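Each chain, written out:
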Amino acid sequence: MNPLKWKLHWQILLSLALALVTGIVLNNIAHPAEGSTPDWLAGTEYGISFLGTLFLNALKMIVVPLVVTSIVLGIMNVGGDKDFGRLGLKTLGFYVLTGLLAVIVGLLVVNIFQPGKVNPEVLSQMQSQGEAADADKVTGAMKNANRGSKGFLEIFIRMVPTNIFAAAAEGKLLGLIFFSILFGFFASRLPDRMRDTQLAFWESLNTAIVNLTQFIIRFAPIGVFGLVTPTILNTGWGLFKVMVWFAVTVIVALGIHFLVTLPILLRVLGKVQNPLKHYRAMSPALLTAFSTASSSSTLPLTMSCVNKNAGVSKKITGFTLPLGATVNMDGTALYECVVVIFLAQLFQVQMDMAMQFQVVLLALMTSIGVAGIPSASLVAIIVILNAAGFPEESIGIGIGIVLVVDRVLDMLRTAVNVFGDSCAAVVIGKSEGETGILE
Ligand code: ASP
């Protein structure tokens, strides 16, 4: 069996397994956590993460052109006809529905598991762990959060950038998406002659970029190895132990959304009789989401899997997926909710039903504004903790504690985010009467 001939998702799985083994072996030989990293290890780590960075850069390189051309084309294809409003409303409706279900599951599970109910001894031990976790990251995130805490309206400000080129250069997708929607809409209403020129232009541009995307995706197995190995090498297993119960809570809640709620919706609303087929179709995107912890970077793969493997038309994928990658984050909304209730249990902050409901709303709204990049929800969590009246010191310590396991949970919630987007595309495609979609 020649691995080079395997299907892409098997290759990625193999490289994940190799990354796990390599990371653990190197961690055990060299113990980087104890401070002194031998030269050979630093060199090896650099070499491995070089591959990961190269792959990640290549993905990021195509995100902006892919998002812009797909949305413009997607909207141009629907903007001219009466479908537009209906499609938009349906998509947003589905996003809100799945987000709400995700948050409710998170709330139930965290209230049942009560991961934050620990005895005071454990708490003080965790506090020192948390403080040691990454002070810079905490203060950085808090600064961002304070800037962002003007709240929900900020999202609208970010939607309308003063300069779209600056937004593109800084990877601010929300503004770019908004502009592309408007542009596509008005381009679709041009007189026929001009509209056809525009359509031909955007169609060929988009096709070229999609082909380039396919090319980059072929390198995913190497990239995944380069991204995951250094993470495992630096953290090892020891650190995770303290936070196991919290992590288990998040994983169970994410698992319910991923394995129960979404497939039920796929079956009931998307008429997909065997949702397993959809998991299989999406596996390269899910594994990439898992290893990059970024829905935006995964977007190229998500689009290709939903279109090529699940059979949803380019019209629907171009419309729903780029939008979904930033706006629809089920896993993130669920995670924010679980973290806040967990920290409330830990620091004994009273959370009555009304307060929990407010947390639900804030988690839903902030997940819309969270960027599809690693650890982006930490900022939103700080915003919610502030709003829920957590004392300043406990916010810092709390985020420090969460950071210990954040990366692994980020990988999982990003996969759930991406899967949620793909289900939306299928459901919307089916509701539009498309026939080529997996049954
Ligand atoms: N990493 C997540 C994503 O890209 C966002 C987050 O929850 O931090 O989907």
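Residues numbered from 1 in each chain as written. Predicted model: local features only at pLDDT ≥ 70, side-chain atom pairs only at ≥ 80, totals over all residues. Heavy atoms only, no water.

## Some details on the packing of aromatic side chains
How two aromatic rings sit relative to each other is set out by the distance from centre to centre and by the angle between their planes. In the structure shown here, the tally under the stated rule is eleven aromatic pairs. Among the aromatic residues, those joined into a ring-pair cluster are F179, F183, F201 and W202. Its guanidinium or amino end placed over the ring of Y335, R413 lies 4.0 Å from that ring's centre, counting from NZ or CZ. (Phe/Tyr/Trp six-rings, centres within 6.5 Å; stacked < 30°, edge-to-face > 60°. Lys NZ or Arg CZ within 6 Å of the ring centre and 35° of its normal.)

## A few points about the environment of L362
By the element assignment, L362 lies in helix α16 (residues 353–369). Taking C-alpha positions, L362 is 9.0 Å from E336, a pair spaced 26 residues apart along the chain. With residues up to four places along the chain from it excluded, the contact list for L362 reads E336, I384 and A387. (Helix = DSSP H or I, 4+ residues; strand = E, 2+ residues; numbered from the N terminus. Contact = heavy atoms within 4.5 Å.)

## A word on the site of the ligand
Taken together, 16 residues surround the ligand, and among them S295, T332, D410, R413 and N417 come closest. Interatomic distance of 2.3 Å between a side-chain N/O atom of S295 and an oxygen atom of the ligand. In this structure, G372 approaches the ligand through a main-chain N or O atom, which is 3.3 Å from an oxygen atom. In isolation the ligand offers 270 Å² of accessible surface; the protein chains occlude 100% of this area. The element that contributes the greatest number of residues to the shell around the ligand is helix α18 (residues 392–431), accounting for four residues. Taken together, the residues of the shell around the ligand sort by class into six nonpolar, eight polar and two charged. (Near = heavy atom within 4 Å. Polar contact = N/O pair within 3.5 Å; in protein donor to acceptor, adjacent residues only side chain to side chain. Areas by Shrake-Rupley, 256 points an atom, 1.4 Å probe, with all protein chains shown as cover. Nonpolar A, V, L, I, M, F, W, Y, C, P; charged D, E, K, R; others polar.)

## Quick look at the packing of helix α11 (residues 244–268) against helix α12 (residues 275–292)
Two numbers describe how α11 lies on α12: the axes approach to 11 Å, and their chain directions differ by 120°. The chirality of how α11 crosses α12 is right-handed. Contact with α11, carried on its side by F258, L259, P263 and L266, involves P275, H278, Y279 and L286 of α12 and no other residues of that element. By residue class, the composition of the contact of α11 with α12 is seven nonpolar, one polar and no charged. (Axes fitted to C-alpha atoms, helices over the stretch in contact; angles between N-to-C directions. Left-handed = near helix turned anticlockwise from the far one by under 90°.)

## A short note on the side chain of S422
Mapped onto the secondary structure, S422 falls in helix α18. With relative accessibility at 0%, the residue S422 sits in the buried group. When residues no more than four places from it in sequence are discounted, the contact partners of S422 are H278, M282, V306 and L321. (Buried < 20%, exposed > 50% of the residue type's maximum accessible area, 1.4 Å probe, protein only.)

## Observations concerning unusual backbone geometry
Phi at K271 is positive, roughly 55°, even though this residue is not glycine. Checked against the element boundaries, K271 lands in the loop between α11 and α12. Judged by its relative accessible area of 48%, K271 falls in the partly exposed class. The backbone of Q348 shows a phi angle near 50°, a positive value even though the residue is not glycine.

## Concerning the confidence of the model for the chain
Keep in mind that low pLDDT regions are not for reading the predicted coordinates in detail. Taken over all residues, the pLDDT of the chain has a mean of 83, while the share at 70 or more is 87%. Ranking the elements of the chain by mean pLDDT puts helix α5 (residues 135–148) last with 48 and α11 first with 95. Throughout residues 141–149 the model reports pLDDT below 50, and contacts reaching past four residues in sequence, or to other chains, amount to 15 contacts. (pLDDT = per-residue confidence, 0-100.)

## Here we look at the nonpolar core
Counting 123 residues, the largest nonpolar core has F246, L343, M351 and F390 as the members making the most contacts within it. Counting residues per element, this core draws most heavily on α18, at 19 residues. Apart from the residues within four sequence positions on either side, M351 is in contact with V340, I341, A344, Q356, V359, A388 and F390. (Core = buried A, V, L, I, M, F, W, Y, C linked by side-chain atoms within 4.5 Å.)

## A short note on the pattern of salt bridges
Scanning all chains against the criterion turns up four salt bridges. Note that E432 and R86 form a salt bridge whose closest N and O atoms lie 2.8 Å from each other. Taken together, the residues span a long stretch of sequence, with E432 in the segment after α18 and R86 in helix α3 (residues 83–113) at a distance of 346 residues. Overall, the relative accessible area of 22% leaves E432 in the partly exposed class. Residue K90 is joined to E432 by a salt bridge in which the shortest nitrogen-to-oxygen separation is 2.5 Å. A residue pair is termed long-range when its members are at least 10 positions apart, and K90 in helix α3 and E432 in the segment after α18 qualify at 342 residues. With relative accessibility at 26%, the residue K90 sits in the partly exposed group. Look at the salt bridges and you will find they share partners, linking R86, K90 and E432 into a network. (Salt bridge = Lys/Arg side-chain N within 4 Å of Asp/Glu carboxyl O.)

## Observations regarding helix α17 (residues 377–387)
The buried count for α17 comes to eight of eleven residues, which makes it a mostly enclosed element. Residues of α17 that are buried: S377, L378, A380, I381, I382, V383, I384 and L385. Just past α17, the residue G389 takes up positive phi, approximately 80°.

## As for helix α14 (residues 314–327)
Given 3.6 residues per helical turn, the α-helix brings residues three or four places apart onto the same face. Look at α14: 19 Å from first C-alpha to last across 14 residues, which is about the 20 Å you get at 1.5 Å a residue. Taken together, the buried positions of α14 are occupied by I316, T317, G318, F319, T320, L321, P322, L323, G324, A325, T326 and V327. (Expected span 1.5 Å × (residues − 1).)

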